[in-house]
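Next come the chains, spelled out residue by residue.
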Amino acid sequence: MQHSPLSQTEARARTGSKPRRMQTPAVPSARIDDGSIPCFRAVIGTAEINAAVAVLRSGWLTTGPKVREFEHKFAEFLGGGVEAVAVSSATAGLHLAAEACGIGPGDEVIVPTLTFTATASVIRYLGAEAVLVDVEEASRGIDLAQAERRLTTKTKAIIPVHFGGYPCDMTRVLAFARRHGLKVIEDAAHALPTRCDGRLIGSWESEACVFSFYATKPITTGEGGMVVTRDHGVAERVRTMRAHGLNRDAFDRFRKVGASWDYDVVAPGYKYNLTDMAAAIGIVQLARVETLQAGRQRAAARYFAQLRGLPLDCPTPAPAGSLHAWHMFPIRIHESARATRDDVIAALKAANIGASVHYRPLHQMSYWKARLPSGPSAFPVADRYFAGAVTIPLFPGMTEAQVDRVADVLRRTLG
Ligand SMILES: *Cc1c(COP(=O)(O)O)cnc(C)c1O
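Predicted, not measured: the structure shown is a model, and the values here were computed from it.

Definitions and limits used
Residues numbered from 1 in each chain as written. Predicted model: local features only at pLDDT ≥ 70, side-chain atom pairs only at ≥ 80, totals over all residues. Heavy atoms only, no water. Helix = DSSP H or I, 4+ residues; strand = E, 2+ residues; numbered from the N terminus. Polar contact = N/O pair within 3.5 Å; in protein donor to acceptor, adjacent residues only side chain to side chain. Contact = heavy atoms within 4.5 Å. Near = heavy atom within 4 Å. Nonpolar A, V, L, I, M, F, W, Y, C, P; charged D, E, K, R; others polar. Axes fitted to C-alpha atoms, helices over the stretch in contact; angles between N-to-C directions. Parallel < 35°, antiparallel > 145°, perpendicular 65-115°, else oblique. Left-handed = near helix turned anticlockwise from the far one by under 90°. Pairing = 2+ DSSP bridges. Domains from an automatic or database assignment. Buried area = accessible area lost by both parts, 1.4 Å probe. Salt bridge = Lys/Arg side-chain N within 4 Å of Asp/Glu carboxyl O. Buried < 20%, exposed > 50% of the residue type's maximum accessible area, 1.4 Å probe, protein only. Arc of directions from axis to C-beta.

1. Brief notes about the side chain of Asp187
For Asp187, the position within the fold is in strand β5 (residues 183-187). Reaching out from Asp187, the side chain makes a polar contact with the side chain of Thr119 at a distance of 2.8 Å. The residues touching Asp187, leaving out its near neighbours within four places in the chain, are Leu94, Thr115, Thr119, Ile159, Pro160, Val161, His162 and Val210.

What follows is the structure in structure tokens.
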């Protein structure tokens, strides 16, 4: 029987503090049942809808009590000792984190080539250069040996990406950064919850760690992000710069006891705050974060069993003691296979199954390619991965029958 995400979340909503059911239907995407299998599908249920509606009725829509509650709960989830600052996207969060780390014109920041363009774009926003490096074979995370060869006197920071939810080795990353005097900004857009050596990503000693709540990310608020840091100075700067560089936010000015209209402008800040509607959805999603991961992990485990023996690489499971978020399931079709990556995507499409590619490496994109330094720079691991890369469907409510249908198409195409 098909186990729809809606019925799961409704069941959960009924056991929550507010058992009353809304008449509002769930988002249409959660209801589509035409036999197609999307590459990703968010789990949005009655609890999320009720939370957003309650904010709409509350009289306070923008950054306010729900954002504070979401930030507090997010920091608590990571084990405390960190500050969490909610922002409008991970892109905004990476930009603010890099700004708070003092990145500016003339600086260089090391970024893996196998990532979404935002990881590197934010460095250009600040007038600094993103220096692309290759990734490691198993983790598809940044290759520190190549990073070391690309260091110059201008290198100020490194942005490791926890690719697909596989943890970068944070002990090694932090040791590398400390040895070379670099700041560390983690791109944790895929990494919730991810553990490296037992410790949650977001709780390590990097200068900042940035999560995404975009529609397809491990938890979603539609659009949104979170900057997490142990450095109070970074947290304060991010808080100021997310809201026009004002010394107090609107909620402080208008709703707090002893409030007054007055404020000062201390910097030319941005407009990167999160709304209370989004935060209210995020609070519900965060409460489900482990259940959502478990759902993805179950589907991933079935893929491992069903794809065995085919000419493809599955993503590497997390090492013992670590936890993979299983944000996505990017496979690599072998060069020797009788079908190419594009054949596989076409076969999936013909069977009504969504697929994607994460990612065409940045050094193969026009803008970044044009900025590559002259002289040899090679990205053999990312190039080889990309040539065969296909991201096949993986989402929390995915059924065994759906996994098997995807695997059947792969077997027919490649076996
Ligand atoms: C999605 C993503 C981002 C950007 O996240 P937004 O919240 O959409 O701004 C950054 N880095 C990686 C690796 C991503 O996948």
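Next comes the rest of the write-up.
2. Quick word on the site of the ligand
Around the ligand, 14 residues are found, and the nearest of them are Thr91, Asp187, His190, Ser212 and Lys217. Separating an oxygen atom of the ligand from a backbone N or O atom of Ala90 is a distance of 2.8 Å. One nitrogen or oxygen atom from the side chain of Tyr359 is found 3.0 Å from an oxygen atom belonging to the ligand. Among the residues forming the shell around the ligand, the class breakdown is five nonpolar, seven polar and two charged.

3. Focus on the packing of helix α4 (residues 90-100) against helix α8 (residues 232-241)
The angle between the axes and the distance between the axes are what describe a pair of packed helices. Relative to each other, α4 and α8 sit at 125°, their axes nearing to 9 Å. One way to sum up the angle between α4 and α8 is to call them oblique. Crossing angle aside, the handedness with which α4 passes α8 is right-handed. Where α4 approaches α8, its residues Leu96, Ala97, Glu99 and Ala100 are matched on the opposing element by Val234, Arg237, Val238 and Met241. Residues belonging to the contact of α4 with α8 are distributed by class as follows: six nonpolar, no polar and two charged.

4. Concerning the sheet that holds β5
Here seven strands make up an open sheet; going across it, the order is β1-β9-β8-β5-β4-β2-β3 and the pairing mixed. Looking along the sheet, the strands with just one partner apiece sit at the ends: β1 (83-87) and β3 (129-133). Averaged over neighbouring strand pairs, the angle between their axes works out to 25° when direction is ignored. Pairing geometry for β1 and strand β9 (residues 225-229), over five bridges, is antiparallel. Paired with Glu83 across the two strands is Thr229, which belongs to β9. Most of the contacts of α4 go to strand β8 (residues 208-212), to which it runs at about 170°, and overall it touches β1, β5, β8 and β9.

5. Quick word on the domain arrangement of the chain
Here the chain is described as being made up of domain 1 (8-19 + 290-414) and domain 2 (46-287). Summarising the inter-unit geometry, the C-alpha centres of domain 1 and domain 2 are found 24 Å apart. Between domain 1 and domain 2 the total buried area reaches about 3300 Å² when both faces are included, carbon and sulfur atoms providing 57% of it. Linking domain 1 to domain 2 there are two salt bridges. Between Glu129 and Arg371 there is a salt bridge, and its shortest N-O distance comes to 2.5 Å. On the surface where domain 1 and domain 2 come into contact, there are 18 residue pairs in polar contact (both at pLDDT 80 or more). Those elements that provide at least two residues to the side of domain 1 that touches domain 2 are α1 (5-15), α11 (289-306), β11 (329-333), α13 (366-371) and α14 (380-388).

6. Quick notes on helix α12 (residues 341-350)
Every buried residue of α12 is listed here: Arg341, Val344 and Leu348. Along the long axis of α12, the arc covered by the buried residues comes to 60°, so they all point the same way. What points out from α12, more than 90 degrees from its buried face, is the exposed set Asp342, Lys349 and Ala350. Asn352, located one to two residues past α12, shows a positive phi value of around 70°.

7. Observations regarding the pairing of β11
Counting buried positions along β11 yields five of five residues, so the element is predominantly enclosed. A two-sided burial pattern is seen for β11, the buried positions comprising Phe329, Ile331 and Ile333 on one face and Pro330 and Arg332 on the other. As paired elements, strand β10 (residues 312-313) and β11 share two bridges and run antiparallel to each other. Across the sheet, Leu312 pairs through a bridge with Ile333, a residue of β11. Alignment of β11 against strand β12 (residues 389-392), held across four bridges, turns out to be antiparallel.

8. Describing the pattern of salt bridges
In this structure the tally under the stated criterion is 21 salt bridges. Residue Arg172 pairs with Glu136 through a salt bridge whose shortest N-O separation is 3.4 Å. A residue pair is termed long-range when its members are at least 10 positions apart, and Arg172 in helix α7 (residues 170-180) and Glu136 in the loop between β3 and α6 (144-149) qualify at 36 residues. Residue Arg172 is classed as partly exposed on the basis of its relative accessible area of 39%. Overlapping salt bridges, with partners in common, bring together Glu137, Asp313, Arg332, Glu335 and Arg384 in one network.

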